[in-house]
Amino acid sequence: MGSAPWAPVLLLALGLRGLQAGARRAPDPGFQERFFQQRLDHFNFERFGNKTFPQRFLVSDRFWVRGEGPIFFYTGNEGDVWAFANNSAFVAELAAERGALLVFAEHRYYGKSLPFGAQSTQRGHTELLTVEQALADFAELLRALRRDLGAQDAPAIAFGGRKPSHLSSQPPAQLGCAATLAAFPSESCTRTWPRVGICGSQKCRPPCGTCGPLRRKRGNGVLGAAALTLCPSPSYGGMLSAYLRMKYPHLVAGALAASAPVLAVAGLGDSNQFFRDVTADFEGQSPKCTQGVREAFRQIKDLFLQGAYDTVRWEFGTCQPLSDEKDLTQLFMFARNAFTVLAMMDYPYPTDFLGPLPANPVKVGCDRLLSEAQRITGLRALAGLVYNASGSEHCYDIYRLYHSCADPTGCGTGPDARAWDYQACTEINLTFASNNVTDMFPDLPFTDELRQRSQSRQQHHLLQREPGPLGRGRDSEEPECLSHRRHHPGGSAPPRPQSLPPRRSCFRG
């Protein structure tokens, strides 16, 4: 499949029709869960030969017009594929309108697509967790689907985004900039990547639209971006869809890459951009809010300098005693992460993708902070939207609820978090920092050097620990991240996957 000349027009039309979809209920695609025997290693046959593992994918032909309709292929990212499929009604609506086959492919090492089973994220089993392997997985699956379904001539459009949601199920006036999709970030854009967070239900607050509409042009041999403005969070899934178009243009006619920070991950962006944009989200809601946040962080720092650790513990509500700079940094990152989540999930309707959040959570968070007489207490109330949505937490265990990792915006907990931490450590360069000058957060630098130094200390806490109660585990002997880049570090042999069958079929339940 070569590049179709109509692809830029189709991509723009898809985005516009999604914005015009109105408030109708999204169609149910009726996904079927399937497994595809995926090649374990696409590039080196010395170690694993033709061995395979079961890659999960979801497929729906409910809307597909055979012989005419395209294939909409979602490039799964850092999580269970069902979570993305269940929160991407926008793609389902487009599939219904265009008579498309709908496919959501799970990323290797996430969900149930585990090359080495439960040991996949343990030491000695992570060498095949790379962007290149994941892209080759998608390409192989797409080839097999076309073959098995007799759809060799069906054009494929890749979709990707980190925080999907039911974008087009809201009226256009409420959507604002939230429902925008782009084929690929344009080099003509003056911003490193589109703004973090959603513009809100009233109007698109500048600088949400700074990057768009992007010029329709070709650059770097990639489909030019016929696009609108983008406001969601930086997206690994968006990057994958763009990369898939770049690396396999004969298989993919175009890509809708939501908030893909391609330049930033390549080390070409401004490391202060991310938290500057998170701050702008709250500033747009209320300048008093951002001022209150600054005051809260400054008061915490001043109390630490005075040795008043118990005062901070009492007002913010930490479970453990606070005593040193390490605790202060952890507290700051814990609190800062709450703002990141609220900005990323700032939709004008309730969501539960990352946890239960109300409509317009940035506004709700600001209202909580400003309603308290004490700024630190207000910061505690705002953080509760993310860390205590149920109201059952009597205190914050800041080391359990937030794990420092190679992604300064947070990795979460559990096996998927360990896999993402490994990727952020080895390939996905996310050196986002706050400086307390262009943003409202404490000065927390995160250079590549600090990232590597941090990982040499941190990896045994996340990647190499067997999960135990409350997500904790037993320490292993040594850190892995810096020594484990593109090679196997040794140790016991991984479990043996089954051999590659002569002909792999996509439809194995």
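Residues numbered from 1 in each chain as written. Predicted model: local features only at pLDDT ≥ 70, side-chain atom pairs only at ≥ 80, totals over all residues. Heavy atoms only, no water.

1. Points about the overall build of the chain
For the record, the criterion: Comment: elements are numbered from the N terminus, with helices defined as DSSP H or I runs of at least four residues and strands as E runs of at least two. Every residue pair with non-hydrogen atoms within 4.5 Å of one another is taken to be in contact. Only the protein chains shown count as cover for residues, with accessible areas throughout obtained via the Shrake-Rupley method and a probe of 1.4 Å.
For the chain, the count of helices and strands is 17 helices and eight strands. Put simply, 74% of the contacts in the chain that link residues at least 6 apart link residues at least 24 apart. Summed over its atoms, the accessible surface of the chain is roughly 19,900 Å², and 51% of this surface lies on carbon and sulfur atoms.

2. Structural notes on the state of the cysteines
Note the following rule: Cysteine sulfur atoms are paired as a disulfide whenever they fall within 2.5 Å. Partly exposed residues are those whose accessible area sits between 20% and 50% of the maximum for their type, while under 20% is buried and over 50% is exposed, using a 1.4 Å probe and protein chains only.
Tallied over the entire structure, the rule returns three disulfides. Note on cysteine connectivity: cysteine 289 is disulfide-linked to cysteine 366, with sulfurs 2.1 Å apart. Disulfide cysteine 289-cysteine 366: the torsion about the S-S bond is -85°, which places it as left-handed. Of this pair, cysteine 289 sits in helix H10 (residues 287-305) while cysteine 366 sits in helix H13 (residues 361-371), and the two are 77 residues apart along the sequence. By relative accessible area, which is 0% here, cysteine 289 ends up buried. Residue pairing for cysteine 319: its cysteine sulfur links by disulfide to cysteine 395, the two sulfurs lying 2.0 Å apart.

3. Some points on the packing of helix H9 (residues 273-285) against H10
Working note: a packed helix pair is described by the angle between its axes plus the distance between those axes. What counts is decided by this rule: The axes used here are C-alpha line fits, helices contributing only the stretch in contact, and every angle between their N-to-C directions lies in the interval 0 to 180 degrees. To sort the angles, those under 35 degrees are grouped as roughly parallel, those over 145 as roughly antiparallel, those from 65 to 115 as roughly perpendicular, and the leftovers as oblique. For this scheme, ten residues count as nonpolar: Ala, Val, Leu, Ile, Met, Phe, Trp, Tyr, Cys and Pro. Four count as charged, namely Asp, Glu, Lys and Arg, and the remainder, Gly too, count as polar.
Their axes nearest at 5 Å, the elements H9 and H10 cross at an angle of 125°. By the angle between their directions, the pair H9 and H10 is classed as oblique. Within the contact between the two elements, H9 uses Thr279, Phe282 and Glu283 and H10 uses Pro287, Cys289 and Thr290. Broken down by class, the residue content of the contact of H9 with H10 amounts to three nonpolar, two polar and one charged.

4. As for the environment of histidine 403
When you line up the elements, histidine 403 lands in the loop between helix H15 (398-401) and helix H16 (415-426). Along the primary structure histidine 403 and glutamine 330 are separated by 73 residues, whereas in three dimensions their C-alpha atoms are 8.8 Å apart.

5. Overview of the packing of aromatic side chains
Put simply, the rule reads: Working definition: rings of Phe, Tyr and Trp (its six-membered ring) pair if their centres are within 6.5 Å, and the pair is stacked with planes under 30 degrees apart, edge-to-face with planes over 60 apart, and tilted otherwise.
One pass over the full model with this rule turns up 24 aromatic pairs. For the ring pair tyrosine 74 and phenylalanine 104, a centre distance of 4.6 Å and an interplane angle of 15° mean the geometry is stacked. Placement of the pair is tyrosine 74 in strand E3 (residues 71-75) and phenylalanine 104 in strand E4 (residues 101-105), with a sequence separation of 30 residues. Judged on exposure class, the residue tyrosine 74 and its partner phenylalanine 104 are both buried. Considering the side-chain rings of tyrosine 347 and tyrosine 349, the 5.6 Å spacing of their centres and the 20° angle between planes classify their relative orientation as stacked. Judged on exposure class, the residue tyrosine 347 and its partner tyrosine 349 are both buried.

6. Structural notes on the environment of arginine 276
As a reminder, the rule being used: Two N or O atoms form a polar contact when they lie within 3.5 Å of each other; inside protein one atom must be a possible hydrogen donor and the other a possible acceptor, and for residues adjacent in sequence the pair counts only when both atoms belong to side chains.
Along the chain, the position of arginine 276 falls in helix H9. Look at arginine 276 and you get partly exposed, because its relative accessible area is 25%. For the pair arginine 276 and alanine 433, spaced 157 residues apart in sequence, the C-alpha to C-alpha distance is 9.2 Å. What arginine 276 contacts, discounting residues up to four positions off in sequence, is Asp270, Thr438 and Asp439. Of the polar contacts made by the side chain of arginine 276, one reaches the side chain of glutamine 273; its length is 2.9 Å.

7. Things to note about helix H11 (residues 309-317)
Owing to its 3.6 residues per turn, the α-helix brings residues three or four apart onto one side. For H11, the complete set of buried residues consists of Val312, Glu315, Phe316 and Gly317. Buried-residue contacts for H11 involve H10, helix H12 (325-344) and helix H14 (375-387).

8. Re the side chain of glutamine 55
Relative to the assigned elements, glutamine 55 resides in strand E2 (residues 52-60). Within the structure, glutamine 55 has its side chain in polar contact with the side chain of glutamine 38 (distance 2.7 Å). The contacts of glutamine 55, once residues within four sequence positions are left out, are Arg34, Phe35, Phe36, Gln38, Ala105, Glu106, Ser113, Asp137, Phe138 and Leu141.

9. Quick word on the pairing of E4
Most of E4 sits inside the fold, with five of its five residues counted as buried. By the alternation rule, side chains of E4 split into Leu101, Val103 and Ala105 and Leu102 and Phe104, which are all buried.

10. Remarks on H14
Rules: Multiplying one less than the number of residues by 1.5 Å gives the expected span of a helix.
The end-to-end C-alpha separation of H14 is 18 Å, in line with the 18 Å expected for 13 residues at 1.5 Å each. All buried positions along H14 are accounted for by Ile376, Gly378, Leu379, Ala381, Leu382, Ala383, Gly384, Leu385 and Tyr387. On its buried face, H14 is in contact with H9, H10, H11, H12, H13 and H15.

11. Some thoughts on the pairing of strand E5 (residues 156-160)
Let me state the cut-off plainly: Here, a strand pair is defined by DSSP locating no fewer than two bridges between the strands.
For E5, the tally of buried residues reaches five of five residues, placing the bulk of the element in the interior. By the alternation rule, side chains of E5 split into Ala156, Ala158 and Gly160 and Ile157 and Phe159, which are all buried. As defined by bridge partners, E3 adjoins E5 across four bridges and the pair is classed as parallel. Paired with phenylalanine 72 across the bridge in E5 is isoleucine 157.

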